Amino acid sequence: MTSRQSPCARFPLNTLHWSHGGHGSHVNKPPPIPAPIFRHAAPSGPWPWMDLQSDISLETEPVPRLAADQWKWRGYPQNLFGNWVADRVARSKMIENCSREPRDKCKIYYVDVLESGEFKSVKDTDAPIEVDESALNQLWEKLQVEPTGLRLRVLLVDNMKHPVLQMLGTRYNIEPCFFTSSLNWIPSRYQEEVVKKKGDHITVTLLFVRTAIWDKSAVPLHILSPAEKYLLQDLLALHMIRSSDPNGSTIISYHPSAQWNRTTAERLKHLVHKVGESVYWQKIFEQSKDPTFLFLAILWYALYAWDESLDHLYIHMNWLETNGLSTNDNNLTTELHTIQAQLLHYASLLEEFRKSVTFIRNTPSPALESAGFGEQARRETNKLMRKECDCLLAEIERLGFQLRNITDLAKATVNFVDSRRMQDLTVATVRDSAAMKQISYLTMIFLPASFVAAVFGMNVREITEDATETLWHYAAVSIAFTVATAWLVVAFQAHSPFHEGGCGFWRRLAWPVLCWMQSPWFSPDVELVIICVALQYGTSKAPFGAVDVDD
């Protein structure tokens, strides 16, 4: 585990690689993770990948489910799931998101668990199948061979090609939602094909965060730690067929293509083999024949990745806090805000992890009701499963507490940095205000002299004898233009206390009249007097008293 001492001495500011700075030009940048469409995550949704805005009648008619001897893998998924018509397959990008790079070879790795609970050694395990797209029938024949003497077989698929997807889906009768949720990075968990005392299918698609060593040719997706590692989202997509039939239980693990730079099937295969070397887990496999325990053990990989990621994130936050308080680097502030937003997303991913483990805990295998499990063995298996799930849930709760602490630290650091920046702005504002106050003092000294000079420079009769205008005309014109200017300024303002917001220009232009009509001094009698005065002054010959006004 990485030390939590302050890394400032070993990682100066100029060596920190920022998340999105200066690396966007790499040609091998992994594609962006698509936004998850949760309504298509599980088969419980009755309209998988259907566009509700389009005319439903335009979709291809469903194909009836064929008999077992008529299954052809090239027709998957429509040959087994008739509602998965071509339009829905295209919208789900089941074909588009498969690996299409000819240089990326599709490989299928094996991990076998014997009936005794022991793992078949690496040297005795079958070599990985390297798919030859020119000889797909040979792969189909290999998949038809039933293994013997096994409790469970794990198939880990790297760079899944579309024909391999169709073969696996047809061979193991896999609901297409497993492939679509995996290919589209949609968190999901569901149970289907439940047959009492026989078995079922369970699926868990899990997004988690792990660390990766910084590589100049790689592009960091989220947050770089000062330990020259960055955090990225990874995918754990597992589908398990639990069966009471001998050699019938299988786990299928999907792994994104090489362009994603995620956990490979070969890497996870080695980790699964390490589970068999654990004395603790070996005792569990000896106590219970339920293959679900290996499914649960694989989920511990996500927990290890989370734990390491939060440890590096804590180091990075300490580094940002130390340097953010001692410098005014804008990049540090930007990074703090980015982390604060990303932590909310990490909290949701951790919650999905918790729900997935709870799903395994609450979904016992129907094969436990078969004749292969006695009443005592069934009770012990269920008790042991709850115990192991509770242990994993306790670790997830610890990670959640650690993540909340990091979130609080990020919020406190952001608030402190922002408050200090506001303090700096306040000091600068006070400094500017002092300068403006000095200018105001200078203006106050020269203002009386300027006013006197302007008055004595006026061309009016009261000051200059041969002038043509008077001081009264000057005052009248000045007041008139001032009133007109104020009138137009208010009229051209869209929002003003003198008129309602959103009204038209002509209504705004009449704001003095409207204000007068809404004032408490306005009355119909006053309005009539104003009209009379206007008519009186508009009549050049008639005296003021010539206008009749009825009471």
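Quantities reported herein were computed from a predicted structural model and do not represent experimental measurements.

Peer 1: What's the story with the layout of surface pockets in this structure? I'm lost.
Peer 2: Vacant regions in the atomic arrangement are exposed by a probe of water-molecule size rolled over the atoms. The calculated volume of the largest pocket comes to roughly 750 Å³. Along the walls of the largest pocket sit 27 residues, with Arg267, Leu271, Tyr301, Tyr304 and Ala305 positioned nearest its centre. Of all the secondary structure elements, the ones that give two or more residues to the lining of the largest pocket are strand S5 (199–213), strand S7 (229–243), helix H5 (265–277) and helix H7 (292–326). Take the lining of the largest pocket: its biggest share by element is seven residues, from H7. Class assignment of the residues belonging to the lining of the largest pocket gives a composition of 15 nonpolar, five polar and seven charged. One number sums up the size of the second largest pocket: a volume of about 490 Å³. Along the walls of the second largest pocket sit 26 residues, with Arg171, Tyr172, Ile241, Ser243 and Gly248 positioned nearest its centre. Elements with a contribution of two residues or more to the lining of the second largest pocket: helix H2 (136–144), strand S3 (150–158), strand S4 (188–195), S5 and S7. For the lining of the second largest pocket, the class distribution of residues is nine nonpolar, eight polar and nine charged.

Peer 1: It is not clear to me how the pairing of S7 should be interpreted in this structure. Could you clarify?
Peer 2: For a regular strand, side-chain orientation follows a simple rule: the groups alternate between the two sheet faces. Extensive coverage of S7 is indicated by the burial of 13 of its 15 residues. Note that S5 and S7 share 15 bridges and pair antiparallel. Opposite Val204, over in S7, you have Leu238 as the bridge partner. Sheet topology places S7 next to strand S8 (residues 250–254); five bridges connect them, and they run antiparallel. Its bridge partner being in S8, Leu238 is matched across the sheet by Ser253. What sits between S7 and S8 in their antiparallel hairpin is a turn of six residues, with Asn247 showing a positive phi close to 60 degrees.

Peer 1: Quick question: what am I supposed to make of the pattern of salt bridges here?
Peer 2: Side chains that differ in sign of charge can pair as their charged atoms come close. Applying the stated criterion to the full structure yields 16 salt bridges. Linking Arg354 and Glu351 is a salt bridge whose minimum nitrogen-to-oxygen distance equals 2.5 Å. Placement of the pair is Arg354 and Glu351 together in helix H8 (residues 330–361), with a separation of three residues, close to one helical turn. Judged by relative accessible area, which is 34%, Arg354 ranks as partly exposed. The shortest N-O distance in the salt bridge between Glu369 and Arg378 comes to 3.7 Å. Connected via shared salt-bridge partners are Glu369, Glu375, Arg378 and Arg379.

Peer 1: Which parts of the structure should I look at to understand the side chain of Asp158?
Peer 2: Counting through the fold element by element, Asp158 comes out in strand S3. Lys107 provides the closest opposite charge to the buried, unpaired Asp158, separated from it by 7.5 Å. In contact with Asp158, not counting residues within four places along its chain, are Lys105, Cys106, Lys107, Tyr109, His255, Pro256, Thr264, Ala265 and Glu266.

Peer 1: What is the right way to read the packing of aromatic side chains from this model?
Peer 2: All told, the structure shown has 11 aromatic pairs when counted by the stated rule. Where Tyr76 meets Phe179, the ring centres are 6.1 Å apart and the plane angle is 85 degrees; that geometry is what we call edge-to-face. Linking Tyr76 in the segment before helix H1 (86–91) with Phe179 in helix H4 (residues 176–183), this pair joins segments that are 103 residues apart in sequence. Side by side, Tyr76 and Phe179 carry an identical accessibility label, which is buried. Here the aromatic cluster, defined as three or more aromatic residues joined through ring pairs, consists of Tyr76, Phe81, Phe178 and Phe179.

Peer 1: Explain a nonpolar patch on the surface to me, please; I cannot follow it from the model alone.
Peer 2: Together, Phe451, Val452, Phe456 and Ile463 line one region of the surface with nonpolar side chains, adding up to about 430 Å² of accessible area. Within the secondary structure layout, Phe456 lies in helix H9 (residues 375–456). On the basis of relative accessibility, which here comes to 63%, the residue Phe456 falls in the exposed class.

Peer 1: How should I be thinking about the nonpolar core in this particular structure?
Peer 2: Generally speaking, nonpolar side chains in soluble globular proteins are found buried as a group. By size, the foremost hydrophobic cluster in this structure holds 109 residues, and its most contacted members are Leu168, Leu294, Leu299, Trp306 and Phe353. Among the elements that take part in this core, H7 stands out by supplying 18 residues, more than any other. In contact with Trp306, not counting residues within four places along its chain, are Phe208, Val209, Tyr346, Leu349, Leu350, Phe353 and Leu399.

Peer 1: Just to check I follow, could you spell out the packing of H2 against helix H3 (residues 162–171) for this structure?
Peer 2: In a pair of packed helices, the angle between the axes and the distance between the axes together describe the arrangement. H3 packs onto H2 with a crossing angle of 25 degrees between their chain directions and a minimal axis gap of 11 Å. Considering the angle they form, H2 stands roughly parallel to H3. As H2 packs across H3, the resulting crossing turns out to be right-handed. Taken together, the residues of H3 that come into contact with H2 (itself represented by Leu136, Leu139, Trp140, Leu143 and Gln144) are Pro163, Val164, Met167, Leu168, Thr170 and Arg171. In terms of residue class, the contact of H2 with H3 is built from eight nonpolar, two polar and one charged.

Peer 1: Honestly, the environment of Ile339 in this entry has me stumped. Any pointers?
Peer 2: By the element assignment, Ile339 lies in helix H8. A relative accessible area of 0% means that Ile339 is categorised as buried. Sequence separation between Ile339 and Thr407 is 68 residues; the distance between their C-alpha atoms is 8.6 Å.

Peer 1: Please explain H9 as it appears in this structure.
Peer 2: Residue pairs three or four apart in sequence face the same way in an α-helix, which turns once every 3.6 residues. Here H9 is 82 residues long and its end C-alpha atoms lie 115 Å apart, about the 122 Å a rise of 1.5 Å per residue gives. When the local axis directions of H9 are compared, the greatest deviation, roughly 35 degrees, occurs at Phe446, which is followed within four positions by the proline Pro448.

Peer 1: Can you help me understand the side chain of His162 in this one?
Peer 2: Mapped onto the elements of the fold, His162 is located in helix H3. Under the relative-accessibility criterion, His162 is labelled buried at 19%. If we skip the residues at most four places from it in the chain, His162 touches Ile95 and Cys98.

Peer 1: Explanation requested: unusual backbone geometry in the structure shown.
Peer 2: Keep in mind that most residues, glycine aside, have a negative phi and that most peptide bonds are trans. At the junction of Tyr76 and Pro77, the peptide bond is cis and its omega measures out at 5 degrees in the coordinates. Here Pro77 lies in the segment before H1. The backbone of Lys197 shows a phi angle near 65 degrees, a positive value even though the residue is not glycine. On the basis of relative accessibility, which here comes to 46%, the residue Lys197 falls in the partly exposed class.

Peer 1: Before we go on, may I ask you to explain the environment of Tyr346 in this structure?
Peer 2: Mapped onto the secondary structure, Tyr346 falls in helix H8. The class for Tyr346 is buried, based on a relative accessible area of 1%. Each C-alpha atom, one on Tyr346 and one on Phe208, is 8.1 Å from the other, the two residues being 138 residues apart in sequence.

The rules behind each value
- Residues numbered from 1 in each chain as written.
- Predicted model: local features only at pLDDT ≥ 70, side-chain atom pairs only at ≥ 80, totals over all residues.
- Heavy atoms only, no water.
- 1 Å grid on protein atoms, 1.4 Å probe; cavity = no way out; pocket = protein on both sides within 12 Å on 5 of 7 lines; lining within 4 Å.
- Points joined across faces, edges and corners; volume = space filled by probe spheres on them.
- Helix = DSSP H or I, 4+ residues; strand = E, 2+ residues; numbered from the N terminus.
- Nonpolar A, V, L, I, M, F, W, Y, C, P; charged D, E, K, R; others polar.
- Buried < 20%, exposed > 50% of the residue type's maximum accessible area, 1.4 Å probe, protein only.
- Pairing = 2+ DSSP bridges.
- Salt bridge = Lys/Arg side-chain N within 4 Å of Asp/Glu carboxyl O.
- Lys, Arg positive; Asp, Glu negative; His and termini not counted.
- Contact = heavy atoms within 4.5 Å.
- Phe/Tyr/Trp six-rings, centres within 6.5 Å; stacked < 30°, edge-to-face > 60°.
- Patch = residues over 30% accessible without salt bridge, like charges linked within 9 Å, V, L, I, M, F, W, Y side chains within 5 Å.
- Areas by Shrake-Rupley, 256 points an atom, 1.4 Å probe, with all protein chains shown as cover.
- Core = buried A, V, L, I, M, F, W, Y, C linked by side-chain atoms within 4.5 Å.
- Axes fitted to C-alpha atoms, helices over the stretch in contact; angles between N-to-C directions.
- Parallel < 35°, antiparallel > 145°, perpendicular 65-115°, else oblique.
- Left-handed = near helix turned anticlockwise from the far one by under 90°.
- Expected span 1.5 Å × (residues − 1).
- Bend = angle between axes of the 7 residues up to and from the residue.

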